[in-house]
Amino acid sequence: MPKPLRLGVNIDHVATVRNARGSAYPDPLRAALLSEEAGADGITAHLREDRRHIRDADIEALMAGIKVPLNFEMAATPEMQAIALRHIPHACCIVPEKRQEVTTEGGLDVAGDVSRLTDFVGPLVEAGIRVSMFIGHDPAQIEASAKIGAQVVELHTGHYCDLHYEGKFDARDTELEALKAGAVYADSLGLEVHAGHGLTYETVEPIAAMKQVRELNIGHFLIAEAIFVGLGPAIQHMRKLMDAARG
């Protein structure tokens, strides 16, 4: 029987809308609580160095207010490590971050930064935080993630989704096969496998069908769809597609 597939809902872009007007609403915590009610297994929030959406006070409110686990996305910087160690969220997902990017553009180069990331991850793991590395499907990056002591890898699905919407279906299918191989390899090394970035109703099922994948983290599409149907129904429909794909 397939292992259950969890859904983490990223509420960053509720904060994006709030910050566009400099107001107190919409409240990311309210979105997180609605996501819980709709069946989300966890909440993801990315505290960027430039604070363009989620802010420090949002992390404090989420830690105090939600009952499901918080997945704290962050760059591998001393500032973010200190914030994580102060709050002790359920998980930290280490992501690459550039000031000029619109969103996270690719996976982290773990293989090129093994020594520093080993030192960075150690205190988080010792504090009882599950550490995830947001990476591509390159075997070298998967191996490096295991080497530095991370317990989880989150495979970047953005390229697969982009190829789908560009109509490059042969290239999309090649990328999908590479993601499948990456999931199998990571699982064989004892890493828990998550996936996310850019997933929509049209693209989620092939990823959800991968039996090694234990969690999907989805945000931008769900917040966008919520404009038209509401956050609860958007999440519930995504869950239905995930469950159907899982069999």
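As the structure is a prediction and not an experimental result, all values here were calculated from the model.

**Q** Help me understand the overall build of the chain in this model?
**A** Broken down by element type, the chain carries 11 helices and eight strands. For a compact globule of 247 residues, the expected C-alpha radius of gyration is about 18 Å, and the chain comes in at 17 Å, within 12% of that figure. When its C-alpha atoms are laid out on the principal axes, the chain stretches across 45 × 40 × 35 Å. Counting every position in the chain, which comprises 247 residues, the buried fraction comes to 51%. Just so you have it, the chain exposes about 11100 Å², and 55% of that area is on carbon and sulfur atoms. Side chains of the chain give 24 positive and 35 negative charges; the mean places of these two sets differ by 3 Å.

**Q** Honestly, the packing of aromatic side chains in this entry has me stumped. Any pointers?
**A** Any aromatic ring pair is given by two values, namely how distant the centres are and how the planes are angled relative to each other. Counted according to the given criterion, the structure contains one aromatic pair. Aromatic pair tyrosine 201 and phenylalanine 221: ring centres 4.7 Å apart, planes at 80°, arrangement edge-to-face. Of the two residues, tyrosine 201 is situated in the loop between strand 7 (192–196) and helix 9 (204–208) and phenylalanine 221 in helix 10 (residues 220–229); the sequence distance between them amounts to 20 residues.

**Q** Teacher, can you tell me more about the pairing of strand 2 (residues 42–46) here?
**A** In summary, the side chains of a regular strand alternate between the two faces of the sheet. Across the five residues of strand 2, five count as buried, placing the element largely inside the fold. Judged by which residues are buried, strand 2 turns out to be covered on both faces: Gly42, Thr44 and His46 on one side and Ile43 and Ala45 on the other are all buried. Bridge count for strand 1 (residues 6–10) against strand 2 is three bridges, and the pairing is parallel. Bridge pairing in strand 2 places valine 9 opposite isoleucine 43.

**Q** Whenever I open this one, the packing of helix 2 (residues 28–38) against helix 11 (residues 231–246) confuses me. Can you help?
**A** The relative placement of two packed helices is expressed as an angle between their axes plus a distance between the axes. Running from amino to carboxyl end, helix 2 crosses helix 11 at an angle of 45°, the nearest separation of the two axes being 9 Å. Of the possible angle classes, the one that applies to helix 2 and helix 11 is oblique. Like other packed secondary-structure pairs, helix 2 and helix 11 cross with a definite hand, here right-handed. Between helix 2 and helix 11, the contacting residues are Ala31, Leu34, Ser35 and Ala38 on the first element and Leu231, Gly232, Ile235 and Gln236 on the second. Taken together, the residues that form the contact of helix 2 with helix 11 break down as five nonpolar, three polar and no charged.

**Q** What should I look at first to understand the UniProt feature "active site" (unreviewed entry) in the chain in this one?
**A** UniProt records the feature "active site" (unreviewed entry) for His46, Glu73 and His197 in the present numbering. Spanning 152 residues, the named residues form one tight spatial group whose C-alpha atoms are at most 12.7 Å apart. As for its position among the elements, histidine 46 is in strand 2. Summarising the element assignment, glutamate 73 is placed in strand 3 (residues 70–74). Beyond its immediate sequence surroundings of up to four residues, glutamate 73 is in contact with Asn10, Thr44, Ala45, His46, Leu47, Cys93 and Val95.

**Q** Quick question: what am I supposed to make of helix 6 (residues 139–147) here?
**A** Where helix 6 is concerned, the buried positions are Gln141, Ile142, Ala144 and Ser145. Along helix 6, the residues classed as buried sweep out an arc of 165° about the axis, all on the same side. Against helix 5 (114–126), strand 5 (130–135), strand 6 (152–156) and helix 8 (169–188) lie the buried residues of helix 6. Directly after helix 6, the chain includes glycine 149, whose backbone phi takes a positive value near 105°.

**Q** Before we go on, may I ask you to explain the sheet that holds strand 8 (residues 213–218) in this structure?
**A** Strand pairing in a sheet is mediated by backbone hydrogen bonds. Such pairs are either parallel or antiparallel. Reading around the barrel, the eight strands line up as 1-2-3-4-5-6-7-8 and close back on themselves, with parallel pairing between neighbours. With strand direction ignored, the average angle separating the axes of adjacent strands in the sheet is 25°. Two elements, strand 3 and strand 4 (residues 91–94), share four bridges in a ladder whose sense is parallel. Along strand 4, the bridge assignment pairs asparagine 71 with alanine 91.

**Q** What am I meant to see in the UniProt feature "binding site: 1-deoxy-D-xylulose 5-phosphate" (unreviewed entry) in the chain here?
**A** Feature annotation in UniProt places "binding site: 1-deoxy-D-xylulose 5-phosphate" (unreviewed entry) on Asp12, His13, Arg48, His53 and Thr103, given in this structure's numbering. Structurally, the position occupied by arginine 48 is in the loop between strand 2 and helix 3 (56–65). Along the chain, histidine 53 turns up in the loop between strand 2 and helix 3.

**Q** Teacher, can you tell me more about the pairing of strand 1 here?
**A** For strand 1, the tally of buried residues reaches four of five residues, placing the bulk of the element in the interior. In this sheet, strand 8 lies alongside strand 1 in parallel orientation, the contact comprising four bridges. If you follow leucine 7 over to strand 8, its bridge partner there is leucine 216.

Rules used in this analysis
- Each chain has its residues counted from 1, running along the sequence as written.
- Given that this is a predicted model, residues contribute local features only at a pLDDT of at least 70 and side-chain atom pairs are listed and counted only at 80 or more, while totals for whole chains, interfaces and linings are drawn from all residues.
- Only hydrogens and water are set aside when side-chain values are computed; all heavy atoms of the structure are taken into account.
- Segments assigned H or I by DSSP are reported as helices when at least four residues long, segments assigned E as strands when at least two residues long, and all are numbered from the N terminus.
- Throughout, radius of gyration means the C-alpha value; the globule benchmark is 2.2 Å times the number of residues raised to the power 0.38.
- Each residue is placed in one exposure class: buried if its accessible area under a 1.4 Å probe, protein chains only, is under 20% of its type's maximum, exposed if it is over 50%, and partly exposed if it falls in between.
- In short, Shrake-Rupley with a 1.4 Å probe defines the accessible areas, and a residue's cover is counted only from the protein chains shown.
- Working convention for charge: Lys and Arg count positive, Asp and Glu count negative, and His plus the chain ends are omitted.
- Charge placement uses NZ in Lys and CZ in Arg. For Asp and Glu, CG and CD serve respectively.
- Any Phe, Tyr or Trp ring, taking Trp's six-membered ring, that has another such ring centre within 6.5 Å forms a pair; planes under 30 degrees apart are called stacked, those over 60 apart edge-to-face, and the others tilted.
- One requirement defines pairing of two strands: DSSP has to find at least two bridges between them.
- The convention used is that axes are lines fitted to C-alpha atoms, helices contributing only their stretch in contact, and that angles between N-to-C directions extend from 0 to 180 degrees.
- The labels follow the angle: roughly parallel below 35 degrees, roughly antiparallel above 145, roughly perpendicular from 65 to 115, and oblique for the rest.
- Handedness of each helix crossing follows the sense of rotation of the near helix against the far helix: counterclockwise by less than a right angle gives left-handed, clockwise gives right-handed.
- Contact definition: two residues touch when any of their heavy atoms are within 4.5 Å.
- Lys, Arg, Asp and Glu make up the charged group, whereas Ala, Val, Leu, Ile, Met, Phe, Trp, Tyr, Cys and Pro make up the nonpolar group; the residues left over, Gly among them, are polar.
- UniProt positions are given in the numbering used here, feature names are shortened, and annotations may be inferred rather than shown by experiment.
- Think of it as the arc spanned by the lines of direction from the helix axis to the C-beta atoms.

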